[in-house]
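Geometric and topological summary
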Amino acid sequence: EGEHVVAVALRGRVPCKVIGNVNKGDVLIASDTPGYAMVGAMAHTLSPLQIIGRAIGTKTEAAPGIVEIVV
């Protein structure tokens, strides 16, 4: 209820809006475009606070799209 209702996933498999190519297993972080995620370039150097989830689907085009992730 309310004027600005938003769905939030705390855990599980959920669709996520992403920019760029995404491969299964990629770590996703927030992008510069509000509301979209992108692949984290060097996953081993990321803080856990930056990570949104891990891709369980693949997207091959660079245009914005949706891929399923694990949160």
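Heads up: these notes are all about the structure in this document. (Residues numbered from 1 in each chain as written. Predicted model: local features only at pLDDT ≥ 70, side-chain atom pairs only at ≥ 80, totals over all residues. Heavy atoms only, no water.)

With that settled, consider the overall build of the protein. When you go through the protein residue by residue, the secondary structure sums to zero helices and five strands. Whereas a compact globule of 71 residues would reach a radius of gyration of roughly 11 Å, the protein reaches 12 Å, a difference of no more than 12%. Its C-alpha atoms put the protein at 40 × 25 × 25 Å along the principal axes. Counting the 71 residues in the protein, one finds 28% classified as buried. Long-range pairs, those at least 24 residues apart, make up 52% of the contacts in the protein between residues at least 6 apart in sequence. (Helix = DSSP H or I, 4+ residues; strand = E, 2+ residues; numbered from the N terminus. Rg over C-alpha atoms; globule rule 2.2 N^0.38 Å. Buried < 20%, exposed > 50% of the residue type's maximum accessible area, 1.4 Å probe, protein only. Contact = heavy atoms within 4.5 Å.)

This brings us to the nonpolar core. Counting residues in each nonpolar core, the largest one holds nine residues, listed as V14, C16, V18, V22, L28, A37, A55, V67 and I69. Within the residue set of this core, elements represented by two or more residues are β1 (13–18) and β5 (65–70). When residues in this core are grouped by element, the largest group, three residues, is from β1. Look past the residues within four positions of A55 in its chain and what remains in contact with it is V22, N23, K24, G25, D26, L28, E68 and I69. (Core = buried A, V, L, I, M, F, W, Y, C linked by side-chain atoms within 4.5 Å.)

Our next topic: the environment of D32. Mapped onto the fold, D32 is located in the loop between β2 (27–30) and β3 (37–39). The exposure class of D32 is exposed, given its relative accessible area of 79%.

What follows is about the environment of G53. As for its placement among the helices and strands, G53 is situated in strand β4 (residues 51–55). Considered as a pair, G53 and L28 are 25 residues apart in the sequence and their alpha carbons are 5.5 Å apart. If sequence neighbours within four positions are ignored, G53 has contacts with D26, V27, L28, I69 and V70.

Attention now goes to the side chain of D26. By the secondary structure assignment, D26 is in the loop between β1 and β2. Among buried charged residues, D26 stands out as having no salt bridge; its nearest opposite-charge side chain is R54, 6.9 Å away. Separated by 2.8 Å, the side chain of D26 and the backbone nitrogen of N23 make a polar contact. With residues up to four places along the chain from it excluded, the contact list for D26 reads V39, G53, R54 and A55. (Lys, Arg positive; Asp, Glu negative; His and termini not counted. Salt bridge = Lys/Arg side-chain N within 4 Å of Asp/Glu carboxyl O. Polar contact = N/O pair within 3.5 Å; in protein donor to acceptor, adjacent residues only side chain to side chain.)

Any functional reading would require information beyond the geometric quantities listed.
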